Amino acid sequence: MNQEKISIRNTIKEQMRHLTTEKVGEMSLAFVPTLLQHPRIKEAKTILLYCALPTEVQTLQLIKELKKQRKDIVLPVVTGETTMEIRTFTDENDLKKGPFGILEPQGEVLNELSLIDIAIVPGLAFSADGKRLGRGKGYYDRLLKRIPQCYKIGICFSFQLINHIPTTQYDAMMNEVIAL
């Protein structure tokens, strides 16, 4: 494991410890209008989103708003030590806590990953040139390699946008990063 990646993860996690649930929720709401107005999101039919860990940009409000606009929302579900599948989101009642305490949909599995137009992706840190640092298990890197056609937007709080992130050939790149 790259020492520089470990150091960045530790630094960001330390900054996250100072965030209250209320502050995360408040900061997350700023993303909703920004993403709803994004031209690529307006054009998209099927959007891959995520249900957040407590310190990540919260997405439930965005998911609900996009659903009202008749967008097809799909979410990842952890299926193994290194694997995820994509399931259709129908409504909030469809969500159950998964192995990491993250809400996961119980809907149909989406096998036709080529239908995904855009992916909105969490991360511990991002760089302006589209590099992403996750939590170290590679779940998203493996998933995003399976959907090369989709436009990938990394979202994070401003303190998570850093100058440099070391990458390898296994790391998935974002097309765009939005930090608020």
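Within any chain, residue numbers begin from 1 and follow the written order of that chain's sequence. Residue-level local features of this predicted model are given only where pLDDT is at least 70; pairs of side-chain atoms are given and counted only at 80 or more, and the full residue set underlies all totals for whole chains, interfaces and linings. Here the side-chain values reflect all heavy atoms present in the structure, with hydrogen atoms and water set aside.

### Notes on helix 2 (residues 21-29)
Quick reminder: α-helices carry 3.6 residues per turn. Residues three or four places apart thus point the same way. Burial classes follow relative accessibility: with a 1.4 Å probe on protein chains only, a residue under 20% of its type's maximum area counts as buried, one over 50% as exposed, and anything between as partly exposed. What counts as a helix is a DSSP run of H or I of at least four residues, what counts as a strand is a run of E of at least two, and both are numbered from the N terminus. Looking at helix 2, one finds that the buried residues are Val24, Met27 and Ser28. Taken down its axis, helix 2 places every buried residue within 100° of arc, on the same side. When the buried face of helix 2 is taken as reference, the exposed residues oriented beyond 90 degrees from it are Glu22, Glu26 and Leu29. Contact definition: two residues touch when any of their heavy atoms are within 4.5 Å. The elements touched by buried residues of helix 2 are helix 3 (31-36). Each direction from the helix axis to a C-beta atom contributes to the arc, which is the arc of those directions.

### Things to note about the pattern of salt bridges
Salt bridge, as used here: a side-chain nitrogen of Lys or Arg that lies within 4 Å of a carboxyl oxygen of Asp or Glu. Counting across every chain of the model gives 11 salt bridges. Note that Lys45 and Asp72 form a salt bridge whose closest N and O atoms lie 2.6 Å from each other. Taken as a pair, Lys45 in the loop between helix 4 (39-43) and strand 1 (46-48) and Asp72 in strand 2 (residues 72-78) lie far apart in primary sequence, 27 residues in all. The exposure class assigned to Asp72 is partly exposed, which follows from its relative accessible area of 30%.

### Thoughts on the nonpolar core
Buried Ala, Val, Leu, Ile, Met, Phe, Trp, Tyr and Cys residues that are joined via side-chain atoms within 4.5 Å together make up what is termed a nonpolar core. Core analysis: the largest hydrophobic core is formed by 52 residues, its most contacted members being Ile47, Leu49, Ile116 and Ile155. Setting aside chain neighbours within four positions, we find Ile116 in contact with Thr46, Leu48, Val74, Ile86, Leu110, Ile147, Gln149 and Cys150.

### Brief notes about the layout of surface pockets
Any space left empty among the atoms is revealed by the rolling of a water-sized probe across them. Of the voids in this model, the largest pocket is the one considered here, and its volume is about 770 Å³. As for the largest pocket, its lining consists of 32 residues, of which Arg135, Gly136, Lys137, Gly138 and Tyr139 are closest to the centre. Listing elements by their share of the lining of the largest pocket, those giving two or more residues are helix 1 (3-16), strand 2, strand 5 (103-105), strand 8 (132-133) and helix 6 (139-145). For the lining of the largest pocket, the element with the most residues is helix 6, which contributes 4 residues. Note on residue classes: Ala, Val, Leu, Ile, Met, Phe, Trp, Tyr, Cys and Pro are nonpolar, Asp, Glu, Lys and Arg are charged, and everything else, Gly too, is polar. Grouping the amino acids of the lining of the largest pocket by side-chain chemistry returns 16 nonpolar, 6 polar and 10 charged. In this analysis, the protein atoms alone were mapped onto a 1 Å grid. Cavities are point sets where a 1.4 Å probe fits without being able to get out; pockets are open sets with protein on both sides within 12 Å along at least five of seven lines; lining residues have an atom within 4 Å of a point. Grid points are joined across faces, edges and corners, and a volume is the space filled by probe spheres set on the points.

### Side note on the sheet that holds strand 6 (residues 118-121)
If DSSP finds at least two bridges between two strands, the strands pair. Read from one edge of the open sheet, 6 strands run 3-2-1-6-9-11, paired in mixed fashion. Looking at the sheet topology across the chains shown, the edges are occupied by strand 3 (84-88) and strand 11 (176-179). Neighbour-to-neighbour, the strand axes of the sheet open up by a mean angle of 25°, direction not taken into account. Here strand 1 pairs with strand 2 via 3 bridges, running parallel. When the bridges of strand 2 are listed, Leu48 appears paired with Val74. Interaxial angle, 0 to 180 degrees, is taken between N-to-C directions of lines fitted to C-alpha atoms, where a helix line uses only the stretch in contact.

### Overview of the side chain of Lys152
Along the polypeptide, Lys152 turns up in strand 9 (residues 151-156). Here Lys152 is in contact with Ala119, Leu144, Ile147, Met173, Met174, Asn175 and Glu176, once residues within four sequence places are set aside.

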